[in-house]
Amino acid sequence: MKKNGFFKLIVSSVCSFWVMFALIYAFIFSVHAKDTEKSALPEMQQTDSMTTESAFMAKALPQIHYLHTPISEIDGKKVVEDFMKSLDYNKMYFLQEDHDLYMRFGPSMQGYITMANNYPAFAIFDDYRKRVLDRIEWALKRLDGNFDFSADRDFLVDRKDVEWPKDKATADKLWEDYLEFQLLNELMSLKFSDKDSNMNDDTSIFGTTTKKKTSEKNEKVKEMTEDEMMTEAKNVVKRRLQRLKKSVMEIEAEDVHEVFLTTIANQYDPHSTFMSSRTMDDFNIQMKNSLIGIGALLEDVDGYCTIKELTPGAPAALSKKLFPGDKILGVREEKDKEYTDVIDMKLNKIVTKIRGKKGTKIYLQIRPADGDPSERREIVLVRDEVKVTQNLASAQYFELPQENGKKLPIGVINLPSFYGSETAGTTRDVKELILKLKKMGIKGLVLDLRTNGGGLLNEAVALTGLFIPQGPVVQVSSSDGNVRVLSDDDKKTVWDGPLIVLTSRWSASASEIVAGALQNYKRALVVGDATTHGKGTVQSIFEVSSFLTLNLFGKQSAAAKITIQKFYLPNGNSTQLKGVASDITLPSINPLLPIGESDLENPLPWDTIAATDFAKKDISKESVVNDELIKKLKLKSEERQSSLEEFTFLKRNIDWFAERQKQKSFSLNMDKRIKQKEEDKAVKKAADEETEKLAKNNFTSEEVLLDVAMQEKAEREAEEAGKQASAKSTDEEKSGEDEEESGKKPELDIHLRESLRVMLDWLAIEPEA
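Per chain, residues are indexed from 1 in the order of the written sequence. In view of the model being predicted, local features appear only for residues whose pLDDT reaches at least 70, and side-chain atom pairs are presented and counted only at 80 or more, with totals across whole chains, interfaces and linings using the full set of residues. Hydrogens and waters are ignored; side-chain quantities use all the structure's heavy atoms.

Student: Give me the overall build of the protein: which residues, what numbers.
Tutor: Of the regular secondary structure elements, the protein holds 25 helices and 22 strands. For each residue, the accessible area found with a 1.4 Å probe, counting protein chains only, is set against the maximum for its type, and the residue is called buried under 20%, exposed over 50%, and partly exposed in between. Counting over 769 residues, the protein shows a buried share of 50%. Under the convention used here, a 1.4 Å probe and the Shrake-Rupley method define accessible areas, while residue burial counts only the protein chains that appear. Here the protein has roughly 36,600 Å² of accessible surface; of this, 52% comes from carbon and sulfur atoms. What counts as a helix is a DSSP run of H or I of at least four residues, what counts as a strand is a run of E of at least two, and both are numbered from the N terminus.

Student: Before we move on, can you summarise the packing of helix 3 (residues 48-64) against helix 12 (residues 253-265) with the specific residues and values?
Tutor: Where helix 3 meets helix 12, the closest approach of the two axes is 11 Å, and the angle between their N-to-C directions is 10°. Overall, the two elements helix 3 and helix 12 adopt an arrangement that is roughly parallel. Across the interface between the two elements, Met50, Glu53, Ser54, Met57 and Leu61 from helix 3 touch Ala253, Glu254, His257, Leu261, Ile264 and Ala265 from helix 12. The residue classification treats Ala, Val, Leu, Ile, Met, Phe, Trp, Tyr, Cys and Pro as nonpolar and Asp, Glu, Lys and Arg as charged. All others, Gly included, are polar. Its residues placed into classes, the contact of helix 3 with helix 12 shows seven nonpolar, two polar and two charged. Here the axes come from fitting lines to C-alpha atoms, over the contacting stretch only for helices, and the angles between their N-to-C directions go from 0 to 180 degrees. If an angle is under 35 degrees, it is roughly parallel; if it is over 145, roughly antiparallel; if it lies from 65 to 115, roughly perpendicular; otherwise it is oblique. Any pair of residues with heavy atoms lying within 4.5 Å of one another is described as a contacting pair.

Student: Can you break down empty space enclosed by the protein residue by residue, with the values?
Tutor: Cavity means a closed set of points on a 1 Å grid over the protein atoms alone, one where a 1.4 Å probe fits but cannot get out, pocket means an open set with protein on both sides within 12 Å along at least 5 of 7 lines, and lining means a residue has an atom within 4 Å of a point. Grid points are joined across faces, edges and corners, and a volume is the space filled by probe spheres set on the points. In this structure the tally under the stated criterion is three cavities of 30 Å³ or more. Put simply, the largest cavity is a space of about 60 Å³. It is helix 11 (residues 226-250) that contributes the most residues to the lining of the largest cavity, four residues altogether. Its residues assigned to classes, the lining of the largest cavity comprises five nonpolar, one polar and two charged.

Student: Any chance you could break down the sheet that holds strand 11 (residues 394-401) for me, citing the residues and the numbers?
Tutor: One open sheet accounts for seven strands, arranged 20-17-16-13-12-11-22; its pairing is mixed. Where the open sheet ends on each side, the last strands, each with one partner, are strand 20 (584-585) and strand 22 (701-704). Sheet topology note: the strand 11/strand 22 ladder contains four bridges and is antiparallel. Bridge assignment links Phe398 to a residue of strand 22, and that residue is Ser701. Contacts from helix 25 (residues 750-765) reach strand 11, strand 12 (407-414), strand 13 (444-448), strand 16 (499-503), strand 17 (525-528) and strand 20 within the one sheet, and its direction differs from that of strand 16 by about 160°. DSSP-based pairing: two strands are paired if at least 2 bridges between them are found.

Student: Tell me about the side chain of Ser509, and name the residues and values.
Tutor: Relative to the helices and strands, Ser509 is located in the loop between strand 16 and helix 18 (510-520). With sequence-adjacent residues up to four places away left out, Ser509 is seen in contact with Gly453, Gly454, Lys535 and Phe567.

Student: Outline helix 16 (residues 426-439), supporting the account with residue identities and numerical values.
Tutor: Note: α-helices contain 3.6 residues per turn, so residues at a spacing of three or four share the same orientation. The end-to-end C-alpha separation of helix 16 is 20 Å, in line with the 20 Å expected for 14 residues at 1.5 Å each. Taken as a whole, helix 16 has its buried residues at Thr426, Thr427, Asp429, Val430, Leu433, Ile434 and Leu437. For helix 16, the angular spread of the buried residues around the axis is 160°, confining them to a single face. Looking at the buried side of helix 16, the elements it contacts are strand 11, strand 12, strand 13, helix 17 (457-464) and strand 22. Remark: Gly441 follows helix 16 within two positions and exhibits a positive phi of approximately 90°. Multiplying one less than the number of residues by 1.5 Å gives the expected span of a helix. What the arc covers is the set of directions going from the helix axis to the C-beta atoms.

Student: Explain helix 20 (residues 627-641) to me, and be specific about the residues and the numbers.
Tutor: Taking 1.5 Å of rise per residue, 15 residues should cover 21 Å, and helix 20 covers 21 Å from first to last C-alpha, within 8% of that figure. The inward-facing, buried residues of helix 20 contact strand 17, strand 20, helix 21 (645-662) and helix 25. Counted as a polar contact is a pair of N or O atoms within 3.5 Å, where, for protein atoms, one must be capable of donating a hydrogen and the other of accepting one, and residues adjacent in sequence contribute only when both atoms are in side chains. Two to three positions downstream of the cap, the backbone nitrogen of Glu628 sits 3.1 Å from a side-chain oxygen, assigning the N-cap of helix 20 to Asn626.

Student: For the packing of helix 17 against helix 18, give the residues involved together with the corresponding values.
Tutor: Interhelical geometry of helix 17 versus helix 18 gives an angle of 25° and a closest axis separation of 9 Å. Between helix 17 and helix 18, the angle is such that the two are roughly parallel. In terms of crossing hand, the pair formed by helix 17 and helix 18 is right-handed. Seen from helix 17, the contacting residues are Leu457, Ala460, Leu463 and Thr464; seen from helix 18, they are Ala510, Ile513, Val514, Ala517 and Leu518. Tallied by class, the residues present in the contact of helix 17 with helix 18 amount to eight nonpolar, one polar and no charged. Working rule for handedness: look at the near helix, and if it is turned counterclockwise from the far one by less than a right angle, call the crossing left-handed; if clockwise, right-handed.

Student: How would you explain the pairing of strand 8 (residues 361-367) if you had to name every residue and give the values?
Tutor: The element strand 8 is extensively covered by neighbouring structure, given that six of its seven residues are classed as buried. Sheet topology note: the strand 8/strand 9 (residues 377-382) ladder contains six bridges and is antiparallel. In the sheet register, Ile366 faces strand 9, and the bridge partner there is Arg377.

Student: Would you mind going over the environment of Lys561 in detail, with residue names and values included?
Tutor: Within the fold, Lys561 resides in strand 19 (residues 559-568). Spatially, the C-alpha atoms of Lys561 and Ala265 are 8.9 Å apart, while their sequence positions differ by 296 residues. Residues in contact with Lys561, not counting those within four places in the same chain, are His271, Ser272, Thr273, Met275, Gln539, Ser540 and Ile541.

Student: An account of the packing of aromatic side chains is needed here, citing residue identities and associated values.
Tutor: Pairing of aromatic side chains here covers Phe, Tyr and the six-membered ring of Trp, requires ring centres within 6.5 Å, and sorts the geometry by plane angle: under 30 degrees stacked, over 60 edge-to-face, intermediate tilted. Within this structure, the stated rule accounts for 13 aromatic pairs. Ring centres 5.7 Å apart and planes at 85° place the aromatic pair Phe83 and Phe260 in the edge-to-face group. Of this pair, Phe83 sits in helix 4 (residues 76-87) while Phe260 sits in helix 12; the two residues are 177 residues apart in sequence, bridging distant segments of the chain. With relative accessibility at 1%, the residue Phe83 sits in the buried group. The exposure class assigned to Phe260 is buried, which follows from its relative accessible area of 3%. With a centroid separation of 5.9 Å and 80° between ring planes, the pair formed by Phe105 and Tyr112 is classed as edge-to-face. When sorted by exposure, Phe105 lands in the same class as Tyr112, which is buried. Joined through ring pairs, the aromatic side chains of Tyr93, Phe94, Tyr102, Phe125, Tyr128, Phe155, Trp164, Trp175, Tyr178, Phe181 and Phe666 make up one cluster. Both a distance and an angle decide whether a charge sits over a ring: NZ of Lys or CZ of Arg must be within 6 Å of the ring centre and within 35 degrees of the ring normal. The residue whose ring lies beneath Arg135 is Trp138, and the NZ or CZ to ring-centre distance is 4.7 Å.

Student: Can you explain the pairing of strand 17? Please cite residues and give values.
Tutor: A two-sided burial pattern is seen for strand 17, the buried positions comprising Leu525 and Val527 on one face and Val526 and Gly528 on the other. Two strands pair when backbone bridges link them, and strand 16 and strand 17 are joined in this way by four bridges, in the parallel orientation. Within the sheet, the bridge partner assigned to Ile500 lies in strand 17 and is Leu525. By definition, the crossover connecting two strands over a helix is right-handed if that path, from the first strand to the second, turns clockwise as seen with the strands pointing away from the viewer. Regarding topology, helix 18 serves as the crossover connection from strand 16 to the parallel strand 17, and that connection is right-handed. Across two bridges, the pairing between strand 17 and strand 20 is parallel. Pairing of Val527 across the sheet is with Ile584, part of strand 20.

Student: Would you mind going over the pattern of salt bridges in detail, with residue names and values included?
Tutor: The working definition used for a salt bridge is a side-chain nitrogen of Lys or Arg within 4 Å of a carboxyl oxygen of Asp or Glu. In the structure shown here, the tally under the stated rule is 47 salt bridges. Between Lys160 and Asp158 there is a salt bridge, with the nearest N and O atoms lying 2.8 Å from each other. Put simply, Asp761 and Arg640 hold a salt bridge, and the shortest N to O gap is 2.8 Å. Placement of Asp761 in helix 25 and of Arg640 in helix 20 is noted, with a sequence separation of 121 residues between them. Salt bridges linked by common partners bring Arg640, Glu646, Arg753, Glu754, Arg757 and Asp761 together as one network.

Student: Mind laying out unusual backbone geometry, listing which residues take part and the relevant values?
Tutor: The phi dihedral of His68 falls on the positive side, at around 55°, and the residue is not glycine. Here His68 is to be found in the loop between helix 3 and helix 4.

Student: Could you give an account of the environment of Met759, naming the residues involved and the relevant values?
Tutor: For Met759, the location among the structural elements is in helix 25. Placed 314 residues apart in sequence, Met759 and Leu445 show a C-alpha to C-alpha distance of 8.0 Å. Contacts of Met759, omitting those with residues within four sequence positions, involve Ile410, Gly444, Leu445, Pro498, Leu499 and Ile500.

Student: Quick rundown of the environment of Gln475? Include the residues and the values.
Tutor: Structurally, Gln475 is set in strand 14 (residues 471-478). Along the chain, Gln475 and Pro570 lie 95 residues apart, while their C-alpha atoms are 6.6 Å from each other. Polar contacts involving the side chain of Gln475 include one to the main-chain carbonyl oxygen of Leu569, which spans 3.0 Å.

Here's what the structure looks like:
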């Protein structure tokens, strides 16, 4: 579409029944009783640029999005509901009467969107801001009163599926319980700070220990009386409320505008969003090759800064102390004595606090995903460059014992992403590793894509070509109806022997294409979680200025991220929603986590298109997998899953985690909470001990690195050796290094171990493969 044509469509006036109806209704609604309430707060005003951006979204979504859904088919009531939830995610501020009142916007919402009018968003937000400020004032006064932690009551933490409070009295009762819940968490954190000091005495990946600081804190806590602990707990909650007040007062019209337009875009699918100029600035920073930080993708979940993903090779992942689902409660620099509480803080401000100068330490106060809400852990990381090129492929060489006493060599390639640059490329790197493994005499190969969230599509296609002689790899269907087939045109292969692709629920996008294509060609056996992530869509960024010629002064333009394409495998099946199913499924905790495409709202559906010529192709010569082989290997694996000690251990932990995931409410009775905390602690301690015991049976392995990685490792080791030789180590630093060295334990990777056993079975069945 030409830009001028698009511009005319954007600025063209729309005279319709919806426009007239919306204008009339806006006038009626603007004089409702709530707007006449006395308030010193300024009302939000829509600017000309917001109107332009809203008009752009109203035209771009139905015309560019893959579905081409007209605005007239959007459910206006759902837009209102979703916008309310985006503001009040836990249903703590709005009342049912507010909800009922705002629902009157529903029938006219299509008109508001079409004529680029954000009035509903600003009207709802103005009420929300007043509700929050009034509630904070109420809560601060209530915190000066007494609280009882002996009653037998529960607080429902997960409130997304409950109704809005029916009246103020119900909301007051809800907040009584909420404040008691917050205070109880802080009290238990103080009471257990000494008992849990072993959990807080973490050592960073660079050998920095926090034992001294933690001990000083614990000594101070031990000297506190019950009343002093209560005062401290109340002060923590009060500071949190004051910060929430400040955050709400700092919300600007541009922020509300962005949330509203994103709410509209989300009606099409969860990956389509609107990004203000400020958000685009942050996005561009993240897209740069280098960023000083810890390598964690963060998201706001119910007011908590939550770890969504960890970047392989970055400080957070290397620490092995942070996991997806963990919540960051506080952040501090080394020079700070106290943590900055970041609950309910805007995500971009938290990210700014975590970023910093390379080589400096950052202290994070963490609430583990699987722990009691009162549990706290201190994690120390050293900021480092998070580069795309840090996520390089690597390999391991294993020797597995056979029944005849001999050892069988098997290679494993770990591929964290599909990357490409002037100095590194996925396909080139994997080929180098395969050739090294072949020289070492491997008989089977495992391609580990469990943490691979995707990346460059062309690299995924080329990588698949390392294992198949020639043929289509993926079909890309565009919103205009055209289907483009991307194929491997190189007849040469690098590995034509037995191949296992190890996947998980985290394997997404490009990694699903590789796993699915190799499965289509019967070239590989897929082992792992029941299915992969299920993201089979492609998004593109459309800047407002690129269509409207508004960027006259070089200012960053707002933009829309819109889904424009879907992926399909050679056989015509989409990878969207359903992902790629494993041939052999292993028990896993991942299906219990909300990490898949199907866990999102409004995902695009799974469907099929016509198969490529691959369907007519005779792949018998290049295929190494058949139904009979899968049946035999699956049966042997299932026998091990029902008999081996490590699977009994794994299933027991999955069952325990499942019970904790079902727990949507927590007791407000201190004795009950302490009992549960002690039980959880005992379970975790026993699990750690059993993990260490089982890990002693790991198969022997040898690290295999790329030439460039080996060179970087040597340079890094030489640099560290030079620093140690020139620097005078203090007793504390030596102690920290000794603790880190002595605290190193072998890892227990049950899924990898089982995939190696499956390969061993495969080679036993087909020794000539």
